[in-house]
Amino acid sequence: MFEMETEFRRLPGVDKILASERLTRLAEVYPHDLLVDLARKQLECERRSVAGGRAASAFDKIVAVIVNRVRALESPGLRPVVNATGVILHTNLGRAPLSGEAVAAMEAVARDYSSLEFDLDSGTRGSRQVHIESLLCQLTGAEAALVVNNNASAVLLGLIALARRKEVIVSRGQAVEIGGGFRIPDVMRQGGVKLVEVGTTNCTYINDFEQAISPRTAALLRVHSSNFRLMGFTNEVSLEDLVALAERSDLLVLDDLGSGCFLDTTQFGLAPEPLVQQSVAYGAGLICFSGDKLVGGPQAGIIVGKKQFIDRLKKHPLARAVRIDKIRLAGLAATLVHYLKDEATTKVPVWRMISAPMEEIARRAEQWALALEGKTKVIEGETMIGGGSLPGGTLPTRLLALGYQRGRHTAQALGRKLRSHEVPLIGRISEDVLLLDPRSVLPEEDEVVIQALRDLAAVVK
Ligand SMILES: *Cc1c(COP(=O)(O)O)cnc(C)c1O
């Protein structure tokens, strides 16, 4: 019979737990106080459980739970994975992987002091932006540039610095949610900017903008529809028309490009993605985009445009609150140099993936399949760009299909197995089949993938 008093008495003391073999071994590496604290917390859990009418856990089980707690604290939850989902810019998997040059640049400034805000010529204070500003101006043709924490903060800074307590006009079809709770109307409200929506969901014309201009208007906003596509009977106002209207009325055009792209995507069989250089050439005042979408660098918000506007952003107090750190600044600069040298498709990982020829993808898919010893088939499929760029745009690929034979192993179970690998391998599930896409995996990761698939083949005999 369950006797609560007996169960309480069965619980070990802290000293006995610490004297166990496993904790004695941990005590060689971890301070005594930490282990005492974890032991006390676990005993407290046990007491609550007994008070709730359950039997006390066995001594070994209590020790094992404490050891697991220590292990959980020391192993970082944030760790590398292999992205075989077939979504190249997967926000949940950290968006863009970086080039070797970008990683080396980041490591160097992380390890040592740097000339971050120090002018080596004069020996006096400098600006962290000068390193990157000339690079961005050269690449895009803009007069000035500024890099901040991410694109959401770039848009917010632009609105607050130039349109606070004024009106900003945006097409109703572009007052959208980008994802992750970033909604254009909410950002406006936070920025103390009055949003004036014009047109209808599917059609907006330049006249709609013209008629909405008032003495309180500060800017015309264009937002690239990055995660959805309007189809059928639609009309959008072109950036040229917006700029022409803004010039007549002495207003700012703020262009939120979202992804921000330097390369012509049609050469890879994709839909055209608006180019940063194009927005600059059309004369937009401020152009904002992310560093870690199609640019393929670290997280950053990049702003290029007219000097008169960028200067006001640089001086605004919010600029300090959203400033970028030295490590990502170094990584972004190294990434931009790949475009300067016209080597992005061989160096920047996301462009290597986008430009990978079909024969190479097919060959790698067959290699992966060999590791699974006939427990898979290679099928035709599509890779998504993701990350709020090229909505609906996909690239052809070959996919490994696992778990299509209805049997003991469901796609979910196989997916879990691959996620528990030493380097977790992440696929995507479609119609109860687990799909693995070599296009979103760099060839240098193939060895890890093949090992994971061999291990899987061994257990799904
Ligand atoms: C992705 C995106 C943002 C947000 O960019 P972050 O770099 O994630 O902050 C803003 N606007 C558009 C149109 C986007 O696609």
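All figures in this text were calculated on a predicted structure; none of them were measured in a lab. For every chain, the first residue of the written sequence is number 1, and numbering continues from 1 onward in sequence order. The predicted origin of the model limits local features to residues at a pLDDT of at least 70 and limits the giving and counting of side-chain atom pairs to 80 or more, whereas totals for whole chains, interfaces and linings rest on all residues. Water and hydrogen atoms play no part in the side-chain values, which are based on all heavy atoms of the structure.

**Q** Run through the sheet that holds strand β10 (residues 286–290), naming residues and quoting values.
**A** Note: two strands are recorded as paired if DSSP finds a minimum of 2 bridges between them. Secondary structure elements follow DSSP: runs of H or I of four or more residues count as helices, runs of E of two or more count as strands, with numbering from the N terminus. Within the open sheet, the seven strands sit side by side as β5-β11-β10-β9-β8-β6-β7. Their pairing is mixed. Lying at the two open borders of the sheet, with one neighbouring strand each, are β5 (144–148) and β7 (194–198). Each neighbouring strand pair of the sheet contributes to a mean axis angle of 20°, computed without reference to strand direction. The contact criterion used is simple: two residues touch if any of their non-hydrogen atoms lie within 4.5 Å. Every axis corresponds to a line fitted to the C-alpha atoms, with the helix fit spanning only the stretch in contact, and the corresponding angles, defined between N-to-C directions, vary from 0 to 180 degrees. Running at roughly 120° to β5, helix α7 (residues 130–140) makes contact with β5 and β11 (301–305) of the sheet.

**Q** Tell me about the packing of helix α19 (residues 411–419) against helix α20 (residues 446–459), and please be specific about residues and values.
**A** Each packed pair of helices is defined by two parameters, the angle between the axes and the distance between the axes. Here α19 crosses α20 at 130°, and the two axes come no closer than 10 Å. With respect to α20, the element α19 is oriented oblique. Our pair here, α19 against α20, has a crossing hand that is right-handed. For the pair α19 and α20, contact is made by L414, K417 and L418 and by A452, L453, L456 and V459, respectively. Put simply, angles under 35 degrees are roughly parallel, angles over 145 are roughly antiparallel, angles from 65 to 115 are roughly perpendicular, and the rest are oblique. Here a crossing is taken to be left-handed if its near helix is turned anticlockwise relative to the far helix by less than a right angle, and right-handed if that turn runs clockwise.

**Q** Describe the side chain of S259, and please don't skip the residues or the numbers.
**A** Its place among the elements puts S259 in the loop between β9 (252–258) and α12 (276–282). Summary of the burial criterion: residues with accessible area below 20% of their type's maximum are buried, those above 50% are exposed, and those between are partly exposed, where the area comes from a 1.4 Å probe applied to protein chains only. Look at S259 and you get buried, because its relative accessible area is 0%. Reaching out from S259, the side chain makes a polar contact with the backbone nitrogen of L294 at a distance of 3.1 Å. Polar contacts here mean pairs of N or O atoms no more than 3.5 Å apart (in protein, one a potential hydrogen donor and the other a potential acceptor; neighbouring residues in sequence count only if both atoms are side-chain atoms).

**Q** Lay out the environment of F289 with the relevant residues and their values.
**A** Here F289 shows up in strand β10. Taking the relative accessible area as the measure of exposure, F289 reaches 0% and is therefore buried. Residues F289 and V147, spaced 142 residues apart in sequence, show a C-alpha to C-alpha distance of 9.8 Å. Residues contacting F289, with those up to four places away along its chain left out, are N151, L257, G258, S259, G260, F262, V276, V295, A300, G301, I302 and V304.

**Q** Report on the sheet that holds strand β15 (residues 428–430), specifying residues and quantitative values.
**A** Spatially, β2-β12-β13-β16-β15 is the arrangement adopted by the five strands of the open sheet, whose pairing is mixed. Every interior strand has two partners, whereas the edge strands, β2 (87–89) and β15, have only one. Strand-to-strand twist in this sheet, taken as the mean axis angle between neighbours without regard to direction, amounts to 40°.

**Q** Account for the packing of aromatic side chains, with residues named and values stated.
**A** Stacked, tilted and edge-to-face are the three classes applied to pairs of Phe, Tyr and Trp rings, where Trp contributes its six-membered ring and a pair requires centres within 6.5 Å; stacked means planes under 30 degrees apart, edge-to-face means over 60, and tilted covers the rest. In total, this model carries three aromatic pairs according to the counting rule given. Note on F262 and Y339: the rings are 4.9 Å apart at their centroids and 70° apart in plane angle, and the pair reads as edge-to-face. Of this pair, F262 sits in the loop between β9 and α12 while Y339 sits in helix α15 (residues 326–340), placing them 77 residues apart in sequence. With a centroid separation of 5.7 Å and an interplanar angle of 40°, the aromatic rings of F268 and W351 are classed as tilted. Of this pair, F268 sits in the loop between β9 and α12 while W351 sits in helix α17 (residues 349–355); the two residues are 83 residues apart in sequence, bridging distant segments of the chain.

**Q** Hey, could you go over the environment of R320 for me, with residue numbers and the actual values?
**A** For R320, the position within the fold is in helix α14 (residues 317–321). Spatially, the C-alpha atoms of R320 and V148 are 8.9 Å apart, while their sequence positions differ by 172 residues.

**Q** Residues and numbers for the nonpolar core, please.
**A** Formed by 58 residues in total, the largest nonpolar core has its most connected members in L220, F289, V304, L336, Y339, W351 and I354. Taken domain by domain, the makeup of this core includes at least three residues from each of domain 2 (82–89 + 350–459) and domain 3 (100–344). Core analysis: the second largest hydrophobic core is formed by 32 residues, L157, M188, L252 and C288 among them. Buried Ala, Val, Leu, Ile, Met, Phe, Trp, Tyr and Cys residues that are joined via side-chain atoms within 4.5 Å together make up what is termed a nonpolar core. Either an automatic procedure or a domain database provided the assignment from which the domain bounds are taken.

**Q** Which residues make up the packing of helix α4 (residues 32–51) against helix α5 (residues 59–74), and what values go with them?
**A** It is at 10 Å that the axes of α4 and α5 come closest, and there the two elements cross at 125°. For the element pair α4 / α5, the angle class is oblique. Along this stretch, α4 crosses α5, giving a crossing that reads as right-handed. Each of L35, L38, A39, K41, Q42, C45 and E46 in α4 lies in contact with α5, whose residues at this interface are I62, V65, I66, R69, V70 and L73. Split into classes, the residues belonging to the contact of α4 with α5 amount to nine nonpolar, one polar and three charged. Only Asp, Glu, Lys and Arg are considered charged in this grouping, and only Ala, Val, Leu, Ile, Met, Phe, Trp, Tyr, Cys and Pro are considered nonpolar; every other residue, Gly among them, is considered polar.

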